[in-house]
Amino acid sequence: MLVMITYDVNTETAAGKKRLRKVAKQCVNYGRRVQNSVFECILDSAQCTVLKAALTDMIDEEVDSLRFYYLGNKYQTKVEHIGVDRGIAQDQTLIL
């Protein structure tokens, strides 16, 4: 299923900047960055649970925010894009 993850991490402190880097790095491991704090991830249920738990552990819930949008397996009809695209779609084959 396609899961869109967005986050807002307070970076007023050094600890916040560190949290931001950790959250972004974790998201990169599972999906593709489509905007600065927005990732599209193709995940199964187990991966989604693991990623959600990891990100939840990383943030400070008092000042940071995470959002998960579950777009399902038929996401192609739910996503419209206009403008410059960043790289290859998550579900496309990449040959090196």
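Structure: see above.
Throughout what follows, the structure given in this document is the object of discussion.

Criteria and cut-off values
- Residues numbered from 1 in each chain as written.
- Predicted model: local features only at pLDDT ≥ 70, side-chain atom pairs only at ≥ 80, totals over all residues.
- Heavy atoms only, no water.
- Core = buried A, V, L, I, M, F, W, Y, C linked by side-chain atoms within 4.5 Å.
- Buried < 20%, exposed > 50% of the residue type's maximum accessible area, 1.4 Å probe, protein only.
- Helix = DSSP H or I, 4+ residues; strand = E, 2+ residues; numbered from the N terminus.
- Salt bridge = Lys/Arg side-chain N within 4 Å of Asp/Glu carboxyl O.
- Pairing = 2+ DSSP bridges.
- Expected span 1.5 Å × (residues − 1).
- Arc of directions from axis to C-beta.
- Contact = heavy atoms within 4.5 Å.

Concerning the nonpolar core
Ranked by internal contacts, the top residues of the largest apolar core, which has 17 residues, are Ile-5, Tyr-7, Val-23, Cys-27 and Leu-55. Elements represented by at least two residues in this core include exactly strand S1 (2–8), helix H1 (14–30), strand S3 (38–42), helix H2 (45–58) and strand S4 (65–72). Considering every element that reaches this core, the biggest residue donor is H2, with four residues.

Considering the pattern of salt bridges
Under the definition given, this model contains two salt bridges. Here Asp-64 and Arg-19 are joined by a salt bridge, their closest N and O atoms 2.6 Å apart. Within this pair, whereas Asp-64 is found in the loop between H2 and S4, its partner Arg-19 is found in helix H1, the two being separated by 45 residues in sequence. In this structure, the salt-bridge partner of Arg-32 is Glu-40, at a minimum N-O distance of 3.5 Å. Take Arg-32 and Glu-40: they sit in the same class, and that class is buried.

Considering the pairing of S1
Among the seven residues in S1, five count as buried, and that is most of the element. Two strands pair when backbone bridges link them, and S1 and S3 are joined in this way by five bridges, in the antiparallel orientation. Counterpart to Ile-5 in the pairing with S3 is Phe-39. Pairing between S1 and S4: seven bridges, direction antiparallel. By the bridge assignment for S4, Val-3 is matched with Tyr-70.

Brief notes about H1
If you check H1, its first and last C-alpha atoms are 25 Å apart, about what 17 residues at 1.5 Å a residue would give, namely 24 Å. Of all the positions in H1, only Gly-16, Arg-19, Val-23, Ala-24, Gln-26 and Cys-27 are classed as buried. Here the buried residues of H1 occupy an arc of 160° about the axis, which is enough to place them on one side. Along H1, the residues that are exposed and aim more than 90 degrees away from the buried face are Ala-14, Arg-21, Lys-25 and Asn-29. Of the surrounding secondary structure, the elements contacted by the buried residues of H1 are S1, strand S2 (31–35), S3 and H2.

Read these as layout, nothing more, since geometry by itself doesn't imply function.
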